[in-house]
Amino acid sequence: MIELTVHFYLVRHGQTKLNRYHRLQGITDSPLTKKGKAAAVKAGQNLKGINFSAAYASDLDRTYTTAKLILKENNQPDVPIYRDPGLRELSFGRFEEGKNRQVLPEIIRLLGPVNIWRAFYQPHHASKLTDLFQQVDHSSQIESARQLVNRMTQTLRYIGHKYNSNQPESSILVVTHALILSVFIESLNGKVPRMLLKNVQICQVDYTDEKFVLKTPVKPQKGSRKS
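Every chain begins its residue count from 1, and numbering advances along the sequence as written. Confidence filtering applies because this is a predicted model: local features only for residues at pLDDT of at least 70, side-chain atom pairs given and counted only at 80 or more, and all residues used for totals across whole chains, interfaces and linings. Based on all heavy atoms of the structure, the side-chain values leave hydrogens and waters out of the count.

*Asks:* What is the right way to read the environment of Arg 118 from this model?
*Replies:* Positionally, Arg 118 belongs in helix α5 (residues 113-120). Between the C-alpha atoms of Arg 118 and Lys 128, which are ten residues apart in sequence, the distance is 8.7 Å. Each helix is a run of H or I in the DSSP string that is no shorter than four residues. Each strand is a run of E no shorter than two, and both are numbered from the N terminus.

Written out as structure tokens, the structure reads:
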């Protein structure tokens, strides 16, 4: 029996204006900066030679724009881009658009410096960081790390089933966000940089026989701001 494999190329979107101003953005949208657009073009160059069957982005414009620029530079502008809310970022609740230098002191005040330190130095620190936001804001719209992983997994599994029945191998571009992508990579026992995945960082994950396998180790880099 031939194993059918879907190669997912998972990419964090390019830098946005809120990234540049060091503000949290989850479900809040923000346009790409010139630097963000240039980085998306560079990502397209890095992915040249890969023939994508389709591309997926979250329902936020920063991911769609990044995907469009990648495909254009990859000489595949006609590849369809589908928007899927299952790929959107965690909502940061009342901390949405908050300045990082103001949010962190408030979280330290609420939870204590020891808990923050422990979260950042856990092996799965992206997941711990996600759960910290849920602890300090009990709003129902903030998901736990487990909920975030489940949402990402279910979304990719749905896409995988759609394409792994057509041919032995398919390549799918997926543009999403820092935190949801980081916790998903951790769920596959991948290591994530302390400040999460950098803008337009690319990870390859293969989907074969109902299983996800991380193929490209995440290289430690100086991370940029979240989401």
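Okay, back to it.
*Asks:* Explain unusual backbone geometry to me, please; I cannot follow it from the model alone.
*Replies:* Most peptide bonds take the trans configuration, and most residues that are not glycine carry a negative phi. Phi is positive for Val 200, which is not a glycine, with a value near 55 degrees. You can see Val 200 is positioned in the loop between α8 (178-187) and β5 (202-208). Only protein chains enter the accessibility calculation, which uses a 1.4 Å probe; a residue is then buried when its area is under 20% of its type maximum, exposed when over 50%, and partly exposed in between. Using a relative accessible area of 14% as the deciding quantity, one classes Val 200 as buried. Of note, the phi angle at Asp 209 is positive, near 55 degrees, even though the residue is not glycine. The residue Asp 209 is located in the loop between β5 and β6 (211-214) in this model. The class of Asp 209 is exposed, set by a relative accessible area of 56%.

*Asks:* Even after reading the chapter, I still don't get the packing of aromatic side chains, so can you show me in this structure?
*Replies:* Geometrically, a pair of aromatic rings is defined through the distance of the ring centres and the angle of the planes. Within 6.5 Å between ring centres, the rings of Phe, Tyr and Trp (the latter by its six-membered ring) count as paired, and their orientation is classed by plane angle as stacked under 30 degrees, edge-to-face over 60, tilted in between. Scanning the model with the defined rule gives nine aromatic pairs in all. Geometrically, the ring pair formed by Phe 92 and Phe 133 is edge-to-face, given 4.9 Å between the ring centres and 65 degrees between the ring planes. Remark: Phe 133 occurs in helix α6 (residues 125-136) and Phe 92 occurs in the loop between β3 (81-83) and α4 (100-111); sequence separation between them is 41 residues. An aromatic cluster of three or more residues is present, and its members are Phe 8, Phe 184, Tyr 207 and Phe 212. Residue placement shows Arg 83 over the ring face of Tyr 64; its charged tip is 4.2 Å from the ring centre. Charge-over-ring placement is defined geometrically: NZ (Lys) or CZ (Arg) within 6 Å of the ring centre, and within 35 degrees of the ring normal. Sitting above the plane of the Tyr 82 ring, Lys 162 keeps its charged end 4.8 Å from the centroid.

*Asks:* Before we go on, may I ask you to explain the nonpolar core in this structure?
*Replies:* The tendency in soluble globular proteins is for nonpolar side chains to be buried as a group. Nine residue types can take part in a nonpolar core, namely buried Ala, Val, Leu, Ile, Met, Phe, Trp, Tyr and Cys, and a core is a set of them joined through side-chain atoms within 4.5 Å. Grouped together as the largest cluster of nonpolar side chains are 44 residues, with contacts concentrated most on Phe 8, Phe 133, Leu 156 and Ile 172. Here this core gets seven residues from one element, more than from any other, and that element is α8. The contact criterion used throughout is that any non-hydrogen atoms of two residues lie within 4.5 Å. Ignoring sequence-local partners within four residues, the contact set of Phe 133 consists of Leu 24, Phe 92, Phe 95, Val 103, Ile 107 and Ile 142.

Keep in mind these numbers describe shape, not what the thing actually does.
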